[in-house]
Amino acid sequence: MYVLHIALQGCLRAGTVDYGITADTGGHIRYLLDLVNACVLSGEARRIVMATRAFEGAPGPGYEAGEERVSDAVSILRLRTDDPAYLPKEELWRETPRFADALVRWIEGQDERPDMIHAHYADAGTVAATVEERLGIPFVFTAHSLGRVKRAVMGGGDDALDRRIAIEEAALGRASLVVASSRDEAEVQYADYGSYDPGRIRVIPPGSDLDGFDGALGSRRLEQEIGRFLIDPAKPVILALARPVAKKNLPALVRAFGESAELRARANLVVMAGNRAGLETLDAEMRGQVEEMLRLVDRYDLYGHVAYPKTHRPEEVAAIYAYARQRRGLFVNPALNEPFGLTLLEASAAGLPLVATDSGGPNDIIEMCRNGELVDPRDPAAIAKACLAILRDPALWDRYAAAGARAVAAYDWTRHARRYGELLRSLKAPPKAPQAPAERPTQLLVCDIDNTLVGCEDGIRSFNGWRQEQEGLAFGVATGRSFHSAMAILEQQEAPRPQVMITSVGSEIYHLGPNGTTYGADRSWEALVSRGWERERVAETLEDMPGIRPQAALEQRRHKLSYFSDGDPETAARVHARLERAGLRCSVIHSHGRYLDILPLRASKGTAVNWVRRLYGLGREAVFVAGDSGNDIEMLRAIPQAIIVGNFSDGLPELPGLGHTYVARATHARGIIEGVAHFRAKALPSGKALVSWPSPY
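Computed from a predicted structure; not experimentally measured.

Criteria and thresholds
Residues numbered from 1 in each chain as written. Predicted model: local features only at pLDDT ≥ 70, side-chain atom pairs only at ≥ 80, totals over all residues. Heavy atoms only, no water. Phe/Tyr/Trp six-rings, centres within 6.5 Å; stacked < 30°, edge-to-face > 60°. Helix = DSSP H or I, 4+ residues; strand = E, 2+ residues; numbered from the N terminus. Buried < 20%, exposed > 50% of the residue type's maximum accessible area, 1.4 Å probe, protein only. Lys NZ or Arg CZ within 6 Å of the ring centre and 35° of its normal. Pairing = 2+ DSSP bridges. Contact = heavy atoms within 4.5 Å. Axes fitted to C-alpha atoms, helices over the stretch in contact; angles between N-to-C directions. Salt bridge = Lys/Arg side-chain N within 4 Å of Asp/Glu carboxyl O. pLDDT = per-residue confidence, 0-100. Polar contact = N/O pair within 3.5 Å; in protein donor to acceptor, adjacent residues only side chain to side chain.

## Things to note about the packing of aromatic side chains
Aromatic ring pairs are described here by two measures, namely the spacing of the ring centres and the angle between the planes.
Consideration 1: Tallied over the full model, the rule gives 13 aromatic pairs.
Consideration 2: Judged by centre distance (5.1 Å) and plane angle (75 degrees), the ring pair of Phe-55 and Tyr-86 falls under edge-to-face. In this pair, Phe-55 sits in the loop between β2 (47–53) and β3 (66–69) while Tyr-86 sits in the loop between β4 (74–79) and α2 (96–108), placing the two residues 31 residues apart along the sequence.
Consideration 3: Ring geometry for Tyr-662 versus Phe-679: centroids 6.4 Å apart, planes at 75 degrees, classification edge-to-face. Taken together, the residues span a long stretch of sequence, with Tyr-662 in strand β26 (residues 662–663) and Phe-679 in helix α25 (residues 668–683) at a distance of 17 residues. Phe-679 carries the same exposure label as Tyr-662, and that label is buried.
Consideration 4: One Lys or Arg, Arg-148, reaches over the ring of Tyr-193 and ends 5.1 Å from the middle of that ring.
Consideration 5: Over the ring of Tyr-323 we find Arg-327, and its NZ or CZ is 3.7 Å from the ring centre.

Quick look at the structure:
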């Protein structure tokens with residue numbers, strides 16, 4: 001595949017990139033270069049061009065017009081626009097029409113056209129939309145950071161921010177697919193946009209080359225450079241590594257350190273805030289952030305307790321983390337919003353516990369690695385409290401430090417490139433049945449995901465082969481997970497792509513689109529379950545309910561409120577009774593002994609399956625459902641051909657209304673295959689034979 005990337009912001013070049021040289025030269029360039037390298041090495045792309053804007057003068061030479069050959073398969077294309085100078089992102093919009101014209105002319109002059117365009121940041125989306133309009137080349141979009149999020153975390157706005165948000169709206173509306181780094185980005189940040197369409201967004205966590213951080217060694221030069229600031233360089237280190245821009249919120253960390261006498265007594269603070277020759281060389285935003293940190297150092301008299309070197313070498317980054325690890329320190333990311341969090345992965349791989357913002361990608365990283373604490377970045381006291389919790393508890397430090405090894409396995413560029421390449425290829429050439437959208441199916445299979453479809457690698461492989469043989473069988477999933485969480489685990493486990501996805505415990509339904517890749521929300525179902533649903537009143541009624549506490553904000557949905565329960569079997573009944581007394585009629589679903597979901601009365605896996613069945617024009621006898629736990633009860637009760645896989649929980653077969661179910665001997669996906677075969681055999685007239693399929697045992 002031939003992919004054209006468009007990235008207008010910052011200083012893009014081959015070789016060593018001067019990260020932090022401008023406010024716009026940061027993580028998105030690192031992501032782009034690593035993605036390109038991974039796609040070439042894995043064979044997912046045979047040719048890649050990165051198109052960016054040419055400029056002269058500051059911040060340095062090497063960014064003039066022309067093509068820069070990176071390798072035999074990769075090149076950087078620089079195109080001139082009207083203004084020859086470097087421009088920050090807020091001013092690029094004036095140059096995008098001329099850049100788009102130049103890019104169209106360049107493509108038309110080539111022997112080969114790109115198969116796909118990938119636009120990075122909003123202005124690149126504008127260019128990609130123009131190219132698609134004129135040449136018919138589809139594009140995918142990655143925002144990297146969003147204007148509405150900036151407005152929410154920084155407060156207020158201006159004409160430049162309004163313009164940026166409008167450009168982002170247009171890019172979201174036009175892109176064939178949106179690639180997001182985290183669930184927070186896909187489900188919370190994009191949701192504020194009018195063009196938000198969750199079925200066209202895929203969460204693919206970026207990979208990271210973390211091998212150099214695992215077991216990294218310190219540096220004598222670095223120790224001397226940091227040590228000259230400190231009275232006691234042997235103390236544990238609270239480390240931050242980020243560009244000094246407002247959204248990174250570095251002054252809040254200095255304030256948290258300065259306002260906690262215990263934290264100052266236990267640790268030193270080390271802030272690596274980019275590279276600078278002097279304050280006068282920085283742009284206004286970065287200069288303001290560094291000056292604010294220096295004022296705070298002076299206000300709290302932190303001299304001898306805070307190190308803030310002016311420069312560090314790119315090859316020393318791993319040694320910076322090692323410096324903190326050797327002193328049993330920790331890494332802090334206090335950003336107001338962090339779209340992904342590459343430095344968190346690096347610190348994790350180096351063996352450092354984390355304290356990170358609860359806004360953005362860190363939610364996913366800490367959920368995956370379980371190696372740190374999430375905090376409100378606007379609350380310096382909360383930052384200090386989380387740091388102290390780790391520094392006071394050596395066993396907790398050890399557990400978090402060891403857990404960081406999961407980052408190396410989970411955030412792998414090879415896996416990212418494979419999933420990315422599969423999506424681009426499927427957009428270019430939609431897959432054939434059985435992963436194509438369902439057209440007049442004769443049967444429907446809907447199964448739960450966790451511990452039913454997935455949970456056994458051999459079972460998934462068996463299911464994939466079996467699925468390929470099932471002509472006329474539409475395949476769907478029904479899960480308590482959100483759409484993006486469900487899609488992520490299905491793709492990670494290499495499960496078949498469903499024709500229909502019933503998510504958030506039946507409160508949302510998504511149908512596979514004609515391209516066989518993206519999904520569309522079922523708006524009719526959404527309208528139906530919205531009737532009589534008073535989400536705010538439900539939350540207020542349960543605010544002080546004993547025995548339950550809310551799950552994280554990321555687990556809450558428009559038509560679902562999720563809680564942890566105390567495990568008491570009567571808790572769900574008490575919750576239901578309180579809601580009834582308040583005049584609120586809802587579905588209350590308790591599963592796995594600790595999860596409790598509140599849904600609109602009409603929403604459940606069972607009602608959602610029946611809705612899909614009727615859309616497909618199928619009778620109940622043509623539908624199979626499979627599950628393993630309490631949140632599958634409504635679905636299992638609703639359909640006669642119900643399968644309980646062998647690894648069930650919650651005492652499922654003995655529950656009322658489930659006497660008709662088939663309890664498989666096989667577990668997970670093999671139990672699904674066994675159950676379908678059982679019900680098909682029952683439905684055959686006497687003497688008929690089934691098409692053979694290998695035993696699931």
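## Quick word on the sheet that holds strand β17 (residues 500–503)
Consideration 1: The mixed open sheet is built from eight strands, whose spatial order is β19-β18-β17-β16-β15-β24-β25-β26. Looking at the sheet topology across the chains shown, the edges are occupied by β19 (519–521) and β26.
Consideration 2: Summarising the sheet, strand β25 (residues 642–644) and β26 pair through two bridges and their orientation is parallel. Paired with Ile-644 across the bridge in β26 is Val-663.
Consideration 3: Taken strand by strand, helix α18 (residues 457–468) contacts β15 (443–447) and β16 (473–478), and its axis lies near 145 degrees from that of β16.

## Here we look at unusual backbone geometry
Consideration 1: In this structure, the amide linkage connecting Ala-58 to the following residue, Pro-59, adopts the cis form with an omega of 10 degrees.
Consideration 2: In this fold, Pro-59 is placed in the loop between β2 and β3.
Consideration 3: We note that Arg-370 has phi near 50 degrees; this positive angle belongs to a residue other than glycine.
Consideration 4: Looking at the element boundaries, Arg-370 is found in the loop between α13 (362–369) and β14 (372–375).

## Side note on the pattern of salt bridges
Consideration 1: Scanning the model with the defined rule gives 47 salt bridges in all.
Consideration 2: Close ionic contact of Arg-47 with Glu-112 constitutes a salt bridge, the shortest N to O distance being 3.6 Å. Of this pair, Arg-47 sits in strand β2 while Glu-112 sits in the loop between α2 and β5 (116–120); the two residues are 65 residues apart in sequence, bridging distant segments of the chain.
Consideration 3: Here Asp-632 ties to Lys-605 by a salt bridge, and the two come within 2.5 Å at their closest N and O atoms. On the criterion of sequence distance, the pair formed by Asp-632 in the loop between β24 (623–627) and α24 (633–638) and Lys-605 in helix α23 (residues 605–615) is long-range, its members being 27 residues apart. A single burial state applies to Asp-632 and to Lys-605, both of which are buried.

## Some details on the side chain of Ser-181
Consideration 1: Assignment of secondary structure puts Ser-181 in the loop between β7 (177–180) and α6 (183–189).
Consideration 2: In this structure Ser-181 touches Val-203, Ile-204, Pro-205, Pro-206, Pro-339 and Phe-340, once residues within four positions along its chain are discounted.

## Digging into the confidence of the model for the chain
Consideration 1: In this model, the chain carries a mean pLDDT of 91, and residues with pLDDT of at least 70 account for 97%.
Consideration 2: Counting contacts from residues 687–697, a segment whose pLDDT is below 50, to residues more than four positions away or on other chains yields 16 contacts.

## Things to note about the environment of Asn-268
Consideration 1: Considering the arrangement of structural elements, one finds Asn-268 in strand β10 (residues 268–272).
Consideration 2: Those residues within four positions of Asn-268 in sequence are excluded, and the remaining contacts are Leu-230, Asp-232, Pro-233, Lys-235, Pro-236, Val-237, Ile-238, Phe-257, Gly-304 and His-305.
Consideration 3: There is a polar contact of 2.8 Å between the side chain of Asn-268 and the backbone oxygen of Asp-232.

## Here's the deal with the environment of Ala-322
Consideration 1: Within the secondary structure, Ala-322 is located in helix α11 (residues 317–326).
Consideration 2: Considered as a pair, Ala-322 and Asp-214 are 108 residues apart in the sequence and their alpha carbons are 9.2 Å apart.
Consideration 3: Sequence-distant contacts of Ala-322, that is, excluding residues within four places in its chain, are made with Ala-216, Leu-217 and Gly-218.

## Let's talk about the side chain of His-590
Consideration 1: Counting through the fold element by element, His-590 comes out in strand β22 (residues 586–591).
Consideration 2: Within the structure, the side chain of His-590 is placed 2.7 Å from the side chain of Ser-565, a separation counted as a polar contact.
Consideration 3: Ignoring sequence-local partners within four residues, the contact set of His-590 consists of Ser-565, Asp-568, Ala-572, Tyr-595, Leu-596, Gly-630 and Asn-631.

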